[in-house]
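Observations on the model geometry
Here is what each chain is made of, one letter per residue.
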Amino acid sequence: MDQENVGAEGQGELFKRRRGQLPDAERVSILQEKLYQKAKQERGYKFYVLYDKMFIPYMLREGWKRVKSNGGAPGVDGVTIAEVERIGVDSYLKELGEELRKQTYQPQAVKRVMIEKANGGKRPLGIPTVRDRIAQTVCKMVLEPIYEADFEESSYGFRPDRSSKDAIKAIKEHLNGGKSEVYDADLSKYFDTIPHDKLQIALRQRVTDPRILKLINKWLKVPIYEEGQYKSGKGNQGTPQGGVISPLLANIYFHLIDRIVNNTQSLFSKHGVRIVRYADDFVLMGRMIPEEVIDKLKSLLHRMGLSLNECKTRKIDAQRESFNFLGFMIRYDKDIKGRDFRYWNIMPSKKSEQKIRDKVKEYLRTHGHYKAEDVANGLNSIIRGWLNYFTIPGVSYPAMSKRRLRFYLNNRLYRYYNRKSQRKSRLYRQKAFEILVNNFGLIDPTKFVYPLAHL
């Protein structure tokens, strides 16, 4: 670039580039691109020097920025993101970097809390400290591009530029291609049962730096802090749900199944069976899925130390029976206009519809006497996320679900403003839903327009 042809701001950026003073995010991106290209071009290459990237200042600064943007509760040390800023981010990162450089870094216990599930049960969520989340984020930034070079196209969960929407699109493509026999698999406690020794073998397929492998092992074996007391860690299996690096480790381990299923010489390919996976949720799809294919899958899982939840796993003919995946219900429906053909109808599942109703109900229960505009804004944050998730132009058809949600909002808001404690509200005995929509910007689900930026 000719320096005379750029403005003062452009010259400053050009000067920074020449001196290597690029923005942290761009420097991380350049490093990741180099790692990705090396892994992509040399399939058998093993990275034996990576640990030095863990304490590069710009990597730590970018790791901090990502942790801060994600927010989250403090870990067992009680240190919040705000507290780190009060202490001083630079000194905090410098201290962490020195511990990593000298290999004196020791992760702290993971605080475990139980999260309510839609079915009434609970699932454990691990909360590492902010300090450990930064270190794990940096490690993830180093490892992710290497393994991304190997991951299969059929894997969609917790990967850059991929989402649940892509997984649903892939399922619909397979269904349209005639692969309507579906093996709807449910892994039994996948994150809690990943064997550490076998995970290390999977990691070493690409990374042989002993310092990185040792660091990961430390995170896998940290103690658990729950209900006011410390408990032993995961022992020889499991990766804490909630850890920054856990989803990547889970993808690395299950990649073996993806690779075998997609191998053109495998039993699966012989029978035209394909896999669509999002983290630990996956389906096998084919015109026919013979028992020998299912037996092969179970055998592979057994060798990996994993198992299926037989109560929730089933093989179905999707043309006759619906199935759920990632909150969507998929079924083969008759044309609503009476024409003589069927189509693959993809919509929010009944459980997903109940979940949004529960969130609306809980919000209104805990936000009495709020201004109308605040009620509208609070509900919009709930409704918008749900609609964005389930609206996939050309793929999903959530119109009926939108109408049901509108009906629920109408009734719930009428009751909200007509209760005894709200009789002084100007919306008492009025059509609250319509007023909130017309005057205060409440989203009408039936008129929701999917953002162009997401297309």
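Our subject is the structure that appears above.
Each value, and the rule that gives it
Residues numbered from 1 in each chain as written. Predicted model: local features only at pLDDT ≥ 70, side-chain atom pairs only at ≥ 80, totals over all residues. Heavy atoms only, no water. Helix = DSSP H or I, 4+ residues; strand = E, 2+ residues; numbered from the N terminus. Contact = heavy atoms within 4.5 Å. Areas by Shrake-Rupley, 256 points an atom, 1.4 Å probe, with all protein chains shown as cover. Lys, Arg positive; Asp, Glu negative; His and termini not counted. Charge placed at Lys NZ, Arg CZ, Asp CG, Glu CD. Pairing = 2+ DSSP bridges. Buried < 20%, exposed > 50% of the residue type's maximum accessible area, 1.4 Å probe, protein only. Salt bridge = Lys/Arg side-chain N within 4 Å of Asp/Glu carboxyl O. Axes fitted to C-alpha atoms, helices over the stretch in contact; angles between N-to-C directions. Core = buried A, V, L, I, M, F, W, Y, C linked by side-chain atoms within 4.5 Å. Patch = residues over 30% accessible without salt bridge, like charges linked within 9 Å, V, L, I, M, F, W, Y side chains within 5 Å. Expected span 1.5 Å × (residues − 1). Bend = angle between axes of the 7 residues up to and from the residue. Phe/Tyr/Trp six-rings, centres within 6.5 Å; stacked < 30°, edge-to-face > 60°.

The next thing to look at is the overall build of the chain. Along the backbone of the chain there are 17 helices and 11 strands. With respect to the principal axes defined by its C-alpha atoms, the chain has extents near 70 × 65 × 60 Å. Across the chain, every contact between residues at least 6 apart in sequence was considered, and the portion connecting residues at least 24 apart equals 69%. Element-wise, carbon and sulfur atoms account for 48% of the exposed surface of the chain, whose accessible area totals about 23900 Å². A gap of 5 Å separates the mean positions of the 83 positive and 54 negative side-chain charges of the chain.

On to the pairing of strand 10 (residues 328–334), then. Pairing between strand 9 (residues 323–325) and strand 10: three bridges, direction antiparallel. What sits directly across from Phe325, in strand 10, is Phe328. Once strand 9 ends, the chain turns through two residues before running back antiparallel as strand 10, passing Leu326 with a positive phi of about 55°. In this structure, strand 10 lies alongside strand 11 (residues 342–348), joined through seven bridges in antiparallel fashion. Bridging across to strand 11, Met329 finds its partner in Met347.

This brings us to the pairing of strand 7 (residues 281–286). Counting buried positions along strand 7 gives five out of six residues, so the element sits mostly inside the fold. Bridge analysis of strand 3 (residues 181–186) against strand 7 gives six bridges, and the strand direction is antiparallel. Note on strand 7: the bridge partner recorded for Ala185 is Phe282. Where strand 6 (residues 274–278) meets strand 7, five bridges bridge the pair, whose relative direction is antiparallel. Counterpart to Arg274 in the pairing with strand 7 is Met285. Between strand 6 and strand 7, which pair antiparallel and follow one another directly, the connecting turn spans two residues, one of which, Ala279, has a positive phi of 60°.

Right, let's talk about the pattern of salt bridges for a bit. For the structure on display, the rule yields 28 salt bridges. Arg101 is the salt-bridge partner of Glu98, the closest N and O atoms lying 2.9 Å from each other. Highlighted residues: Glu98 and Arg101, both in helix 5 (residues 89–102), separated by three residues, approximately one helical turn. Take Glu98: its relative accessible area is 31%, and that puts it in the partly exposed class. By relative accessible area, which is 42% here, Arg101 ends up partly exposed. In this structure, Glu148 engages Arg159 in a salt bridge whose closest nitrogen and oxygen atoms are separated by 2.8 Å.

In space, the three strands of this open sheet follow the order 9-10-11, with antiparallel pairing throughout. Both outer strands of the open sheet, strand 9 and strand 11, are each paired with one neighbouring strand and no more. Put simply, the sheet's adjacent strands are angled 30° from each other on average, direction ignored. Helix 7 (residues 164–176) contacts strand 9, strand 10 and strand 11 of the sheet and is inclined by roughly 165° relative to strand 11.

A general trend in soluble globular proteins is that nonpolar side chains are found buried together. By size, the foremost hydrophobic cluster in this structure holds 73 residues, and its most contacted members are Leu50, Leu143, Tyr190, Ile216, Ile257, Phe282 and Leu284. Setting aside chain neighbours within four positions, we find Leu284 in contact with Glu181, Val182, Tyr183, Phe268, Val273, Arg274, Ile275, Ile289, Val293 and Leu297. Core analysis: the next-biggest nonpolar cluster, separate from the first, contains 51 residues, Ala167, Met285, Ile392 and Leu409 among them.

This part is about a positive patch on the surface. Where like charges cluster on the molecular surface, the positive patch consists of Arg123, Lys312, Lys351, Lys355 and Lys359. Position of Lys312 relative to the elements: it lies in the loop between helix 13 (291–303) and strand 8 (314–317).

Helical geometry note: an α-helix holds 3.6 residues per turn, so side chains three or four residues apart project in the same direction. With 19 residues, helix 15 (residues 372–390) should cover 27 Å at 1.5 Å per step; its first-to-last C-alpha distance of 27 Å lies within 8% of that length. The largest bend in helix 15 is about 25°, located at Asn380. The set of residues buried in helix 15 consists of Ala372, Val375, Ala376, Gly378, Leu379, Asn380, Ile382, Ile383, Trp386, Leu387, Asn388 and Phe390. Next to the buried residues of helix 15 lie helix 7, strand 10, strand 11, helix 14 (350–366), helix 16 (399–418) and helix 17 (432–440).

This paragraph deals with the packing of aromatic side chains. Here the structure, examined in full by the defined rule, presents 15 aromatic pairs. Between Phe158 and Tyr278, the ring centres sit 5.9 Å apart and the planes meet at 45°, which makes this aromatic pair tilted. Of this pair, Phe158 sits in the loop between helix 6 (130–148) and helix 7 while Tyr278 sits in strand 6, placing them 120 residues apart in sequence. Centre to centre, the rings of Tyr190 and Phe254 are 5.7 Å apart; their planes meet at 90°, and the pair counts as edge-to-face. With Tyr190 in helix 8 (residues 190–193) and Phe254 in helix 11 (residues 246–262), this residue pair connects regions lying 64 residues apart in the sequence. Here Phe254 falls in the buried class, since its relative accessible area comes to 0%. An aromatic cluster is defined as three or more aromatic residues linked by ring pairs; in this entry it consists of Tyr190, Phe191, Phe254 and Phe282.

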